Amino acid sequence: MIIAPLTVDRIPDLEKLLALGEPYIRLRGSSDYWLYATLFANTCPLAIINGQVAGSVIAFRSQVDPSEIYLQDVMTHPSHRRQGVTRALVEEVHRQGSLWGCLRLFLTSESDNHAAHSAWLGLGFSNVPGDTTEAGLSVIYDFKGPGKHRAVYERSIGA
């Protein structure tokens, strides 16, 4: 497995991979992925296995609080799950955050995405206390906008 930053030439492969993440991952326009590849490549790693994109993380360092990195979309191809792909990708974002002096990785998930919940806990994230409990998870109301309640997870970077 090779971990490499997202590049413009890999966008079509990335879009094919992310399309497999429905309904939890929603495809954006190709121009968005072009921006990610040209402006945020350091926090948008791909896992390449046998020349194919097997996994990806789309993440961004916060401009409001540069000590934080938000993981927006994390996807591993179904045929490569449970092989350490997601772990390697998250560790790459963690490594970059550490180089920048960041303190926290965080992400959100729908409360009914049980596979994601297990993955985040297994990768050392904790479910942030929220406003209510849904499906056994702490959930923050309106975290991603009105009516978009989400389980929020965080993991420390650094000391």
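Look above for the structure.
So, how was this worked out
Residues numbered from 1 in each chain as written. Predicted model: local features only at pLDDT ≥ 70, side-chain atom pairs only at ≥ 80, totals over all residues. Heavy atoms only, no water. Axes fitted to C-alpha atoms, helices over the stretch in contact; angles between N-to-C directions. Helix = DSSP H or I, 4+ residues; strand = E, 2+ residues; numbered from the N terminus. Left-handed = near helix turned anticlockwise from the far one by under 90°. Contact = heavy atoms within 4.5 Å. Nonpolar A, V, L, I, M, F, W, Y, C, P; charged D, E, K, R; others polar. Buried < 20%, exposed > 50% of the residue type's maximum accessible area, 1.4 Å probe, protein only.

Caption draft 1: View of the packing of helix α1 (residues 11–19) against helix α2 (residues 30–39). Running from N to C, α1 and α2 point in directions that differ by 115°, and their axes come no closer than 10 Å. Considering the relative orientation of α1 and α2, their crossing is right-handed. Along the contact surface, α1 presents Ile11, Leu14, Glu15 and Leu18, while α2 presents Ser30, Tyr33 and Trp34. Class assignment of the residues belonging to the contact of α1 with α2 gives a composition of 5 nonpolar, 1 polar and 1 charged.

Caption draft 2: Representation of unusual backbone geometry. With omega at 5°, the peptide bond leading from Glu22 into Pro23 counts as cis. In this structure, Pro23 sits in the loop between α1 and α2. Of note in this structure, Ala135 is not a glycine but carries a positive phi near 50°. One can find Ala135 in the loop between β7 (132–134) and β8 (137–139). Located in the positive-phi region is Asp142, a residue other than glycine, with phi close to 55°. Mapped onto the fold, Asp142 is located in the loop between β8 and β9 (151–156). A relative accessible area of 40% means that Asp142 is categorised as partly exposed.

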